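Now for the letters of each chain:
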Amino acid sequence: MILKSNEYFKHFTSLPESLIKTLDGINKNLSNIRKQRSLSNGNGKYQTSFEILKRYYLKSNHPHNFAARGSSSSLLIGSTEPGRVTPIFRNIWKELIKIYPDYFISKSNTLLYESGDYMGWHTNSNMAVLRLYINHVHEDKKSFFRYVDPITKENITSFDVKGWQARVFKISKENPLWHCVYCETPRISLGFRIVKKK
């Protein structure tokens, strides 16, 4: 799950078996995950369309648009005590360190999207690092990660496939990567920041 120097984005549909085994601990225990539900406004398809990106966001006075609008639930896996790492995330980190031995890895956000939920267009350009999102869905091509290639300016929709997968993308202030998410099926999303050790 490594980006080449000339790449800004990559979708990995095949993950190491040991990582999948660890991740399945989350997927099989959703009943134990406490969630804080926010209702979808039913406007997700429009909010993640290339039309609204062109019409509004690219013309706004805030080209890096740090704060995304959206509807999803924060997943609280295990303890909510500050600074405490739950066993399942400790095991995920152990697996990720095997893949990224020369990087620091920190958790960013952990989300559950229901059908109709979305995360609107944004760039995260206030924190220029590699971002890793591991996600799970039960159905093919009913949810997507949509983005604009910062170099070619091509509009790209990367559909989810059934099961676990990962996306790695480069966050840059100089070449912001506009992206968003839309779902028509429940979707687990685990986010991480990947920072090169000096």
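From a predicted model like this one, the values you see are computed outputs, not experimental measurements.

Counting across every chain of the model gives 11 aromatic pairs. Through successive ring pairs, a cluster of aromatic residues spans F9, Y133, F145, Y147 and F169. When the ring centre of Y8 is taken as reference, the NZ or CZ atom of K170 above it lies at 4.9 Å. The ring of F104 is capped by K197, whose NZ or CZ atom sits 5.5 Å from the centre of that ring.

Summarising the model, the chain shows a mean pLDDT of 82, and 79% of its residues fall at 70 or more. Element-level pLDDT for the chain is lowest in strand β2 (residues 34-36), with a mean of 49, against a maximum mean of 96 in strand β9 (residues 155-159). The low-confidence segment residues 78-82 (pLDDT under 50) makes 5 contacts with residues lying over four places distant or belonging to another chain.

Let us look at unusual backbone geometry. Here N124, not a glycine, exhibits a phi torsion of approximately 55°, which is positive. In this fold, N124 is placed in the loop between β6 (118-122) and β7 (130-137). The exposure class of N124 is buried, given its relative accessible area of 12%. One non-glycine residue, K153, adopts positive backbone phi at about 65°. Looking at where K153 falls in the secondary structure, it is placed in the loop between β8 (143-148) and β9.

In this section: the pattern of salt bridges. For the structure shown, the criterion picks out 6 salt bridges. Among the ionic pairs, K98 bridges to E95, the shortest N-O distance being 3.2 Å. Remark: E95 and K98 occur in helix α4 (residues 87-99); sequence separation between them is 3 residues, near one turn of the helix. In the salt-bridge network here, residues are joined through shared partners; they are D160, R167 and R187.

Moving on to the pairing of β8. Among the 6 residues in β8, 6 count as buried, and that is most of the element. Of the two faces of β8, the one holding S143, F145 and Y147 and the one holding F144, R146 and V148 are both buried throughout. Judged from the 5 bridges that link them, β8 and strand β11 (residues 179-183) form a sheet pairing that is antiparallel. Bridge pairing links F145 to V181 in β11. The antiparallel pairing of β8 with β9 creates a hairpin that spans 6 residues between the two strands, and K153 there sits at a positive phi of about 65°.

Counting buried positions over the 5 residues of β11 gives 5, a clear majority of the element. What you see with β11 is no split at all: H179, V181 and C183 on one side and C180 and Y182 on the other are buried throughout. Direction of pairing for β6 relative to β11: antiparallel, over a ladder of 3 bridges. Note that in β11 the partner of H122 across the bridge is H179.

With respect to the helices and strands, the residue W121 is situated in strand β6. W121 sits in the buried class, given a relative accessible area of 0%. Only 2.9 Å separates the side chain of W121 from the backbone oxygen of S49, close enough to count as a polar contact.

Cut-offs used in this document
Residues numbered from 1 in each chain as written. Predicted model: local features only at pLDDT ≥ 70, side-chain atom pairs only at ≥ 80, totals over all residues. Heavy atoms only, no water. Phe/Tyr/Trp six-rings, centres within 6.5 Å; stacked < 30°, edge-to-face > 60°. Lys NZ or Arg CZ within 6 Å of the ring centre and 35° of its normal. pLDDT = per-residue confidence, 0-100. Helix = DSSP H or I, 4+ residues; strand = E, 2+ residues; numbered from the N terminus. Contact = heavy atoms within 4.5 Å. Buried < 20%, exposed > 50% of the residue type's maximum accessible area, 1.4 Å probe, protein only. Salt bridge = Lys/Arg side-chain N within 4 Å of Asp/Glu carboxyl O. Pairing = 2+ DSSP bridges. Polar contact = N/O pair within 3.5 Å; in protein donor to acceptor, adjacent residues only side chain to side chain.

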